[in-house]
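Summary of structural features
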Amino acid sequence: ITPRAMGRNDDLNRRHINKYLDRMMDQDEFDHVQHFSGPIPVEVICAILRVPESHTQMIRHQTDAMLHREEGAPHGTAAQAEAAINQAVYFIEFARDKRSHLGEDLTSTLIEAQVETETGDLASLTDEDIAGFISLLGAAGSETVTKAVANAGVLFHRNPGEWQKLKSDPTKVESAVEEVLRYWAPSQYQGRLSVNDTEWHGVTVKAGKPVFIVTGAANHDEREFGPDATVFDIDREQRLAISLGHGIHTCLGAALARMECAVAIDEIRTRWPDYTIDESRCERVQMSNVAGYSSVPFSRR
């Protein structure tokens, strides 16, 4: 999922975004998450995978259930396990069925792909391999964008001066997306394994040991972003954007995610240049590794 490939999905992205926003044009108030930022991203990634549109919201709700955590209970519940099993079964059956009618979509590309094994031979991906990969894409392609777009709504509500900058100059939308991702990273941390022995601040991390990367904190590191790192500023010079990964660990869907966020923010700017949010009624998610809102009451001024 390269930036060039994702660029070809611009029309698809805009079509889904406009479909939902068109429904809201005659309403004075709607929920930014439930009616807009929640349902759209999963529809876009599922369209790229050619998952039937009638199944997309089921996948979103399954993913929400898989990531949800009860306060004081970091481990999964029976409901989370059931959602994970149901989604795995669905995608395995989807991959199996897709083999009989390949097309120009990402799932077909995965089916036709061959990978090098440990012995140097080439092998095709199994249905289970493909199901695991598209399940990851489905989750990553819906949760992070949903959180980022809703976060943007709240951040610009809190920072009207920055919203005015964007209203006055729509070319700032890409830098606005980067600042939203930096300021409130939708994915707050990642887990990795150290490949080699490395030393950090006098502490040696042995090869093969787990490493906990706290992206949300790094995005506010004054050594990188200066003494005003706690200020939301869409004109900030972004020297190292790590909210969607970096280097070989860059998120596969990073280009698509940035494009979706940019289009969504720009459409809100065009349709509702003067809006307000009732923060007293906003509700946050309680999930394992993503941060954001489950409800954002959004209305015209």
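The model shown is predicted, which means the values in this text are computed figures rather than measured ones. (Residues numbered from 1 in each chain as written. Predicted model: local features only at pLDDT ≥ 70, side-chain atom pairs only at ≥ 80, totals over all residues. Heavy atoms only, no water.)

Overview of the side chain of Asp31
Filter applied, for reference: The helix and strand labels rest on DSSP assignments: H or I over at least four residues marks a helix, E over at least two residues marks a strand, and numbering proceeds from the N terminus. Exposure classes here rest on a 1.4 Å probe applied to the protein chains alone. A residue is buried below 20% of its type maximum, exposed above 50%, and partly exposed in between. When charges are tallied, Lys and Arg are placed among the positive residues and Asp and Glu among the negative ones, while His and the ends of the chain are skipped. Salt bridges are identified by distance alone: a Lys or Arg side-chain nitrogen within 4 Å of an Asp or Glu carboxyl oxygen. Distance and chemistry together define a polar contact, namely a pair of N or O atoms within 3.5 Å, with one atom able to donate a hydrogen and the other to accept it when in protein, and with adjacent residues in sequence counting only for side-chain atoms on both sides.
Structurally, Asp31 can be placed in strand β1 (residues 29-31). Of the side chains bearing the opposite charge, Arg281 lies closest to the buried Asp31, which forms no salt bridge; the N-O distance is 7.1 Å. In this structure the side chain of Asp31 is engaged in a polar contact, spanning 3.0 Å, whose partner is the backbone nitrogen of Gln34. Within the structure, Asp31 has its side chain in polar contact with the side chain of Ser295 (distance 2.5 Å).

Observations regarding the environment of Tyr183
Rules: Here a residue-residue contact requires only that any non-hydrogen atoms of the pair lie within 4.5 Å.
Assignment of secondary structure puts Tyr183 in helix α10 (residues 173-183). Distance in space between the C-alpha atoms of Tyr183 and Leu155 is 9.0 Å, their sequence separation being 28 residues. Setting aside anything within four residues of it in sequence, one finds Tyr183 in contact with Leu155, His220, Ala229, Thr230, Val231 and Phe232.

Quick look at the confidence of the model for the protein
Interpretation of the predicted coordinates at a detailed level should be avoided for regions scoring low in pLDDT. What counts is decided by this rule: For every residue, the predictor reports its confidence as pLDDT, a number between 0 and 100.
Of all residues in the protein, 97% have pLDDT values of 70 or greater, and the mean over the chain is 90. Ranking the elements of the protein by mean pLDDT puts helix α1 (residues 3-7) last with 59 and helix α9 (residues 160-168) first with 97.

Comments concerning the packing of helix α6 (residues 78-98) against helix α8 (residues 127-158)
Our working rule: Only the contacting stretch of a helix is used when fitting its axis, a line to C-alpha atoms as for every element, and angles between N-to-C directions run 0 to 180 degrees. Geometric relationships in this document are graded by angle, where less than 35 degrees denotes roughly parallel, more than 145 denotes roughly antiparallel, 65 to 115 denotes roughly perpendicular, and other angles denote oblique. Whether a crossing is left-handed or right-handed is set by the direction in which the near helix is turned from the far one by less than a right angle, anticlockwise for left-handed and clockwise for right-handed.
At a closest axis distance of 8 Å, the pairing of α6 and α8 adopts a crossing angle of 120°. One finds that α6 runs oblique with respect to α8. Seen from above, α6 lies across α8 with right-handed handedness. Where α6 abuts α8, its residues Gln87, Ala88, Phe91, Ile92, Phe94, Ala95 and Arg96 lie against Asp127, Glu128, Ile130, Ala131, Ile134 and Ser135.

Points about the packing of α8 against helix α13 (residues 254-271)
It is the contact of α8 with α13, at a shortest axis distance of 10 Å, that shows an interaxial angle of 35°. Relative to α13, α8 is oriented so that their crossing is right-handed. Mapping the contact onto sequence places Gly141, Val145, Ala148, Val149, Ala152 and Phe156 in α8 and Ala257, Glu260, Cys261, Ala264 and Ile265 in α13.

Quick notes on the packing of aromatic side chains
Put simply, the rule reads: Any Phe, Tyr or Trp ring, taking Trp's six-membered ring, that has another such ring centre within 6.5 Å forms a pair; planes under 30 degrees apart are called stacked, those over 60 apart edge-to-face, and the others tilted. Counting as a charge over the ring demands two things of the Lys NZ or Arg CZ atom: a distance within 6 Å of the ring centre and an angle within 35 degrees of the ring normal.
What the rule picks out here adds up to 13 aromatic pairs. Judged by centre distance (5.4 Å) and plane angle (75°), the rings of Phe156 and Phe232 are edge-to-face. Of this pair, Phe156 sits in helix α8 while Phe232 is found in the loop between α12 (222-225) and α13, placing the two residues 76 residues apart along the sequence. Given a relative accessible area of 4%, Phe232 falls into the buried group. On the numbers, 6.2 Å between centres and 45° between planes, the contact of Tyr183 with Trp184 is tilted. Put simply, the rings of Phe30, Phe156, Trp163, Tyr183, Trp184, Phe232, Trp272, Tyr275, Tyr293 and Phe298 touch in pairs and so form one group of aromatic residues. The ring of Phe225 has Arg182 sitting right over it, with the charged end atom 5.1 Å from the ring centre. When the ring centre of Tyr293 is taken as reference, the NZ or CZ atom of Arg284 above it lies at 4.7 Å.

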